[in-house]
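Summary of structural features
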Amino acid sequence: MKARIPQHREFIISFPEEVDQNLQNEGWAKLQQVVEDYKKAHNGNSVYEPSFIEDCEPTVKKLQETYKFEYKVELV
């Protein structure tokens, strides 16, 4: 069986090594909550929706200030 996944954009998130592990864990939990909140607000739609990046980027930027991660958006 073959499955073709269409190209889509993703947030690529990384924490610098100097960021405390507890802060990283808390940051990842908050980022996961962004995804879950998006699904609830958009009738179960996933991160593959064309507007996911635009809809979530302001929230991700706010979290970035607190949790000191780096991110970029890539087409995969």
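Check the entry above for the structure.
Now for a description of the structure that goes with this document.

Rules of the game
Residues numbered from 1 in each chain as written. Predicted model: local features only at pLDDT ≥ 70, side-chain atom pairs only at ≥ 80, totals over all residues. Heavy atoms only, no water. 1 Å grid on protein atoms, 1.4 Å probe; cavity = no way out; pocket = protein on both sides within 12 Å on 5 of 7 lines; lining within 4 Å. Points joined across faces, edges and corners; volume = space filled by probe spheres on them. Nonpolar A, V, L, I, M, F, W, Y, C, P; charged D, E, K, R; others polar. Core = buried A, V, L, I, M, F, W, Y, C linked by side-chain atoms within 4.5 Å. Buried < 20%, exposed > 50% of the residue type's maximum accessible area, 1.4 Å probe, protein only. Helix = DSSP H or I, 4+ residues; strand = E, 2+ residues; numbered from the N terminus. Contact = heavy atoms within 4.5 Å. Expected span 1.5 Å × (residues − 1). Bend = angle between axes of the 7 residues up to and from the residue. Axes fitted to C-alpha atoms, helices over the stretch in contact; angles between N-to-C directions. Parallel < 35°, antiparallel > 145°, perpendicular 65-115°, else oblique. Left-handed = near helix turned anticlockwise from the far one by under 90°. Phe/Tyr/Trp six-rings, centres within 6.5 Å; stacked < 30°, edge-to-face > 60°.

When its volume is computed, the largest pocket comes out at roughly 270 Å³. Surrounding the largest pocket, 14 residues form its lining, Phe11, Ile13, Leu31, Val35 and Phe52 being those nearest its centre. Considering only residue class, the lining of the largest pocket consists of 11 nonpolar, one polar and two charged.

With 16 residues, the main nonpolar core has Phe11, Ile13, Phe52 and Phe69 as its most contacted residues. Elements represented by at least two residues in this core include exactly β1 (9-14), α1 (21-41) and α2 (52-67). Looking at this core, the element that brings in the most residues is α2, giving six residues. Not counting the four nearest positions on each side in its chain, Ile13 is found in contact with Trp28, Leu31, Phe69, Glu70 and Tyr71.

Each turn of an α-helix holds 3.6 residues, which means side chains three or four residues apart point in the same direction. With 16 residues, α2 extends 21 Å from end C-alpha to end C-alpha; this agrees with the ideal 22 Å at 1.5 Å per step. The largest bend along α2 measures about 35 degrees and falls at Pro58. Of the residues making up α2, those classed as buried are Phe52, Ile53, Cys56, Val60, Leu63 and Tyr67. If you follow the buried residues of α2, they end up packed against β1, α1 and β2 (70-75). A positive phi of about 60 degrees marks Lys68, the residue just after α2.

Before going further, it helps to spend a moment on the packing of α1 against α2. α2 packs onto α1 with a crossing angle of 160 degrees between their chain directions and a minimal axis gap of 11 Å. Taken together, the axes of α1 and α2 lie roughly antiparallel to each other. The interaxial crossing formed by α1 with α2 has right-handed handedness. In this structure, α1 contributes Leu23, Glu26, Gly27, Lys30, Leu31, Val34, Val35 and Tyr38 to the contact, and α2 contributes Phe52, Asp55, Cys56, Thr59, Val60, Leu63, Thr66 and Tyr67. Taken together, the residues of the contact of α1 with α2 sort by class into 10 nonpolar, three polar and three charged.

Here we come to the packing of aromatic side chains. According to the stated counting rule, one finds five aromatic pairs in the structure shown. For the pair Phe11 and Phe52, a centre-to-centre distance of 5.9 Å together with 70 degrees between the ring planes defines the contact as edge-to-face. Of this pair, Phe11 sits in strand β1 while Phe52 sits in helix α2; the two residues are 41 residues apart in sequence, bridging distant segments of the chain. As far as burial versus exposure is concerned, Phe11 and Phe52 are alike and both buried. Judged by centre distance (5.5 Å) and plane angle (65 degrees), the rings of Phe15 and Phe69 are edge-to-face. Pair noted here: Phe15 is in the loop between β1 and α1 and Phe69 is in the loop between α2 and β2, with a separation of 54 residues, a long-range link. Judged by relative accessible area, Phe15 falls into the buried class, the value being 14%.

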